[in-house]
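Overview (structure and organization)
The primary structure of each chain is shown beneath.
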Amino acid sequence: MTKFQQMDNDGEQIKRFVFGSKSRNGTAQGGEKLEILIPELPLPGYSFYTWPSAHVLAWFLWERRNSLVGKRILELGAGTALPGILAAKCGAHVTLSDCSTLPKTLEHIRRCCRVNNLLPAKDIEIIGLTWGLFHDQALQLGPVDLIIASDVFYDPSVFEEILVTISFVLESNPGAKFIFTYQERSADWCIENLLKKWDLACSVISLDNLSEELGVDPQELMGNHTIHLLEIVRPSRA
């Protein structure tokens, strides 16, 4: 993994994320490589910066890039959309979503896509989707194989709204799953009771394979943060 930064005249910072494989001493190896450019803006709010959880999720998806081809993927709370853009570049049919009442955020998602030569409404879909609300965009979602998100569980006041949305999408798409990264901020935060309430089951996915298969150190990606990778599904009712 290599990351460079530059500052444009308007204050927009461009981050470059390179996905591939590298050897134990950090030198690049041959084989597939993908470069993604992510514009970031010095604006208030969570959605204009690429958080470490997004980088971890993107590497997890990159490791499984061959399985993404043709998959229908919905990213919740996309923000700068690093994981979703990567999935689209790997051949998935991706819908990026963020709060429908944040037009600047949705426009910035479009900007991130264009920088990576993905045309909104042609190569990738972008919709306003507010957690917990079932307006037209939510009701008109097409089939979904996989839901992804990074660091959406940042405020306990929205935990149930997120899980209501997940429950709705999984109910409409039997066999789909929700895979997300979560930055631990408080040992007191827990979604166990909400999972039971909405008939969902959660399990932890190990990040060890990142170091084994790609030569990437998960701790390097996480920095000083503790980040978990989890999967939520709707249990079989057989």
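Definitions and cut-offs
Residues numbered from 1 in each chain as written. Predicted model: local features only at pLDDT ≥ 70, side-chain atom pairs only at ≥ 80, totals over all residues. Heavy atoms only, no water. Pairing = 2+ DSSP bridges. Helix = DSSP H or I, 4+ residues; strand = E, 2+ residues; numbered from the N terminus. Right-handed = clockwise from strand over helix to strand, strands pointing away. Buried < 20%, exposed > 50% of the residue type's maximum accessible area, 1.4 Å probe, protein only.

Here we come to the pairing of strand β4 (residues 72-75). With four bridges joining them, β4 and strand β5 (residues 93-98) adopt parallel strand pairing. Within β5, the position partnered with Leu 74 by the bridge is Thr 95. Handedness of the crossover joining β4 and β5 through helix α2 (residues 82-89): right-handed. Sheet topology places β4 next to strand β7 (residues 146-150); three bridges connect them, and they run parallel. Across the sheet, residue Leu 74 finds its bridge partner in β7, namely Ile 147.

This brings us to unusual backbone geometry. Even without glycine at this site, Asn 117 takes up a positive phi of about 60 degrees. Mapped onto the secondary structure, Asn 117 falls in the loop between α3 (103-115) and β6 (125-128). With a phi angle near 55 degrees, Asp 199 is a residue other than glycine that sits in the positive phi range. Examined against the element boundaries, Asp 199 turns out to sit in the loop between α6 (192-197) and β9 (201-205). Given a relative accessible area of 30%, Asp 199 falls into the partly exposed group.

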